[in-house]
Amino acid sequence: DAKTTQPNSMESNEEEPVHLPCNHSTISGTDYIHWYRQLPSQGPEYVIHGLTSNVNNRMASLAIAEDRKSSTLILHRATLRDAAVYYCTPYNNNDMRFGAGTRLTVKP
Amino acid sequence: SQTIHQWPATLVQPVGSPLSLECTVEGTSNPNLYWYRQAAGRGLQLLFYSVGIGQISSEVPQNLSASRPQDRQFILSSKKLLLSDSGFYLCAWSARTVVVNQPQHFGDGTRLSIL
């Protein structure tokens, strides 16, 4: 299984961009890179996913390194509601595995 | 739009008692369905997944079982709970399409405490 490495925690100021990094150096060629976030006592929420090209949606952008060994989730303007634990995961074959994730704190 | 419902939200059960957690999905047909457990401060562990009615794949040997009696209903059960079964149980669904690696969409979970 591909292993991921993320910072334990990050802080951001409200309305500033946030770049959340993830290393997945053992990712296989068929794994997509998925990002989820989770608030306390809630289920994870899908954020974005991609394979090779950078991706944008209404929630965030995903920048994927050319060698696919790392990726960065970009929140363009952090809000207080973006405070959560963010998980990146190489995903394939129905088995969603999260590591410890990055706890994002957003300061007003 | 699609929604997923899990109940109950919290449950306290004595050791050795039975368990039944239910999950239903609305607004989609033929979904893939999943049960996960998330221990405190740790990542997700896939317990079961199902690609259709009556089709269950088990990922981890344990005293839990799963059933899918209807297309959009997924049930997690146990005949006798152990202390180690405590945790946060999550149900999820994904679209079953020719495109693999579809995102999974999670319910709000059931926090199970075994006393």
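From a predicted model like this one, the values you see are computed outputs, not experimental measurements.

Asker: Where do I start with the overall build of chain B in this structure?
Answerer: Counting its secondary structure elements, chain B contains 0 helices and 11 strands. The C-alpha radius of gyration computed for chain B amounts to 14 Å, which stays within 12% of the reference 13 Å derived for 115 residues, consistent with globular compactness. Seen through its C-alpha atoms, chain B measures out along the principal axes to roughly 45 × 30 × 20 Å. Here chain B, with 115 residues, has 46% of them falling under the buried criterion. Look at the contacts in chain B between residues 6 or more apart in sequence, and 56% of them connect residues 24 or more apart. Summed over all atoms, the accessible surface of chain B reaches about 5,500 Å², with 53% contributed by carbon and sulfur. Within chain B, one finds 8 positive and 6 negative side-chain charges whose respective centroids are separated by 7 Å.

Asker: Is there a simple way to think about the state of the cysteines in this case?
Answerer: In protein structure, a disulfide is the covalent linkage between the sulfur atoms of two cysteines. Here the structure, examined in full by the defined rule, presents 2 disulfides over all chains. Residue Cys22 of chain A pairs covalently with Cys88 of chain A via a disulfide, S to S 1.6 Å. Its S-S torsion of about 40 degrees marks the bond between Cys22 of chain A and Cys88 of chain A as right-handed, since a negative value means left-handed. Of this pair, Cys22 of chain A sits in strand 2 (residues 18-23) while Cys88 of chain A sits in strand 8 (residues 84-91), placing them 66 residues apart in sequence. In this pair, the class of Cys22 of chain A matches that of Cys88 of chain A, namely buried. Disulfide partner of Cys23 of chain B: Cys91 of chain B, at an S-S distance of 2.0 Å. Residues Cys23 of chain B and Cys91 of chain B are joined through a disulfide that is left-handed, its torsion about the S-S bond being -75 degrees. Linking Cys23 of chain B in strand 3 (residues 19-26) with Cys91 of chain B in strand 9 (residues 87-94), this pair joins segments that are 68 residues apart in sequence. Each of the two residues, Cys23 of chain B as well as Cys91 of chain B, counts as buried.

Asker: How should I be thinking about the packing of aromatic side chains in this particular structure?
Answerer: Each aromatic ring pair is summarised here by two numbers: the centre-to-centre distance and the angle between the ring planes. Residue and element names in this part refer to chain A. This model, assessed by the stated rule, comprises 9 aromatic pairs over all chains. Note on Tyr36 and Phe98: the rings are 5.4 Å apart at their centroids and 40 degrees apart in plane angle, and the pair reads as tilted. Highlighted residues: Tyr36 in strand 3 (residues 32-38) and Phe98 in the loop between strand 8 and strand 9 (102-107), separated in sequence by 62 residues. Residue classification places Tyr36 among the buried positions, given a relative accessible area of 0%.

Asker: Explanation requested: the environment of Thr52 of chain A in the structure shown.
Answerer: With respect to the helices and strands, Thr52 of chain A occurs in the loop between strand 4 (45-50) and strand 5 (55-56). A residue is classified by how much of its surface remains accessible, and Thr52 of chain A, at 47% relative accessible area, is partly exposed.

Asker: Help me understand the side chain of Ser94 of chain B in this model?
Answerer: Residues and elements named next belong to chain B. Considering the arrangement of structural elements, one finds Ser94 in strand 9. Given the relative accessible area of 2%, Ser94 is considered buried. There is a polar contact of 2.8 Å between the side chain of Ser94 and the side chain of Tyr34. Excluding residues that lie within four positions of it along the chain, Ser94 makes contacts with Pro31, Asn32, Tyr34, Gln102, Pro103 and Gln104.

Asker: Mind showing me how you'd approach the interface of chain A and chain B here?
Answerer: Interface size is commonly expressed as the accessible surface area that is lost when the partners come together. Chain A puts 21 residues into the contact, and the matching count from chain B is 21 residues. Approximately 1,600 Å² of surface area, both sides summed, lies buried where chain A meets chain B, with 49% of it carried by carbon and sulfur atoms. Looking only at chain A, the three residues that lose the most surface to chain B are Pro44, Asn94 and Met96 of chain A, adding up to 31% of its buried area. Here chain A and chain B share 4 residue pairs in polar contact (both at pLDDT 80 or more) between them.

How each quantity is defined
Residues numbered from 1 in each chain as written. Chains lettered and ligands numbered in written order. Predicted model: local features only at pLDDT ≥ 70, side-chain atom pairs only at ≥ 80, totals over all residues. Heavy atoms only, no water. Helix = DSSP H or I, 4+ residues; strand = E, 2+ residues; numbered from the N terminus. Rg over C-alpha atoms; globule rule 2.2 N^0.38 Å. Buried < 20%, exposed > 50% of the residue type's maximum accessible area, 1.4 Å probe, protein only. Contact = heavy atoms within 4.5 Å. Areas by Shrake-Rupley, 256 points an atom, 1.4 Å probe, with all protein chains shown as cover. Lys, Arg positive; Asp, Glu negative; His and termini not counted. Charge placed at Lys NZ, Arg CZ, Asp CG, Glu CD. Disulfide = S-S within 2.5 Å. Phe/Tyr/Trp six-rings, centres within 6.5 Å; stacked < 30°, edge-to-face > 60°. Polar contact = N/O pair within 3.5 Å; in protein donor to acceptor, adjacent residues only side chain to side chain. Buried area = accessible area lost by both parts, 1.4 Å probe.

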